[in-house]
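Chain residues, written in single-letter form:
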Amino acid sequence: MAASALTILVFQGSLTALGYALGNFMSETQVLMLSATGGLLILGISLRLLNVRQIPVGNMLPALVVAPVLTALVS
């Protein structure tokens, strides 16, 4: 259990550090659009878990990269 906790700490810690680094690099609007896109992906995951509808969430992962880029192009 300690080994898995260490792995999770390293993995989530690196994601948190990356988030802080990108938060300083990206505008507030880009962060909001990224959060909205992530929220929609979480909604799709929850619909899959509840067996309401089988939404292919993995196919939508590139939207996490596209959303901030499109926001930068539009702004």
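Preceding this paragraph is the structure being described.
About the thresholds
Throughout, a residue's number is its position along its own chain's written sequence, starting from 1. Local features are withheld for residues below a pLDDT of 70 in this predicted model, meaning they are given only at 70 or higher, and side-chain atom pairs are given and counted only at 80 or more; totals for whole chains, interfaces and linings count all residues. Side-chain metrics rest on all non-hydrogen atoms present in the structure, leaving aside hydrogens and water. Only DSSP runs of H or I with at least four residues qualify as helices, and only runs of E with at least two residues qualify as strands; both kinds are numbered from the N terminus onward. Throughout, the radius of gyration refers to the C-alpha atoms, and the reference size of a globule is 2.2 Å times the residue count to the power 0.38. Three labels apply to residues, based on accessible area from a 1.4 Å probe with only protein chains included: buried if under 20% of the type maximum, exposed if over 50%, partly exposed otherwise in between. Whether two residues are in contact is decided by their heavy atoms, any of which lying within 4.5 Å being enough. Residues adjacent in sequence count toward polar contacts only when both atoms are side-chain atoms; beyond that, a polar contact is any pair of N or O atoms within 3.5 Å, and within protein one must be able to donate a hydrogen and the other to accept it. Any residue with relative accessible area above 30% and no salt bridge may belong to a patch, with like charges joined within 9 Å and the nonpolar Val, Leu, Ile, Met, Phe, Trp and Tyr side chains within 5 Å. In these tables, accessible area is a Shrake-Rupley quantity obtained with a 1.4 Å probe, and a residue counts as shielded only by the protein chains included in the view. Every case where a carboxyl oxygen of Asp or Glu lies within 4 Å of a side-chain nitrogen of Lys or Arg is listed as a salt bridge.

Caption draft 1: Representation of the overall build of the protein chain within the structure. Along the protein chain, the regular secondary structure elements total 3 helices and 0 strands. From first element to last, N terminus to C terminus, the protein chain shows the α and β order α-α-α. Relative to a compact globule of 75 residues, whose C-alpha radius of gyration would be 11 Å, the protein chain shows 15 Å and is clearly more extended. The principal-axis extents of the C-alpha atoms in the protein chain amount to approximately 45 × 35 × 15 Å. For the protein chain, buried positions account for 15% of its 75 residues.

Caption draft 2: Summary view of the side chain of Thr71. Relative to the helices and strands, Thr71 resides in helix H3 (residues 63–74). Here Thr71 falls in the buried class, since its relative accessible area comes to 11%. With residues near it in sequence (within four places) discarded, Thr71 still touches Thr29, Gln30 and Met33.

Caption draft 3: Looking closely at unusual backbone geometry. You will see that Asn51, though not glycine, has its phi angle at about 55°, which is positive. Structurally, Asn51 can be placed in the loop between helix H2 (28–49) and H3.

Caption draft 4: Just the environment of Val31, in detail. When you line up the elements, Val31 lands in helix H2. It is 9.8 Å that separates the C-alpha atoms of Val31 and Gly19, two residues lying 12 residues apart in sequence.

Caption draft 5: Representation of the side chain of Thr37. Position of Thr37 among the secondary structure elements: in helix H2. If we ignore the near neighbours within four places in the chain, the residues touching Thr37 are Ala63, Leu64 and Ala67.

Caption draft 6: View of the environment of Gln54. Structurally, Gln54 can be placed in the loop between H2 and H3. Gln54 sits 48 residues away from Leu6 along the chain, and the two C-alpha atoms are 33 Å apart. At a separation of 3.5 Å, a polar atom in the side chain of Gln54 contacts the side chain of Arg48.

Caption draft 7: Spatial organisation of a nonpolar patch on the surface. Taken together, the side chains of Val65, Val66, Val69, Leu70, Leu73 and Val74 present a nonpolar region at the surface, about 600 Å² in accessible area. The residue Leu73 is located in helix H3 in this model. Its relative accessible area of 67% is what places Leu73 among the exposed residues.

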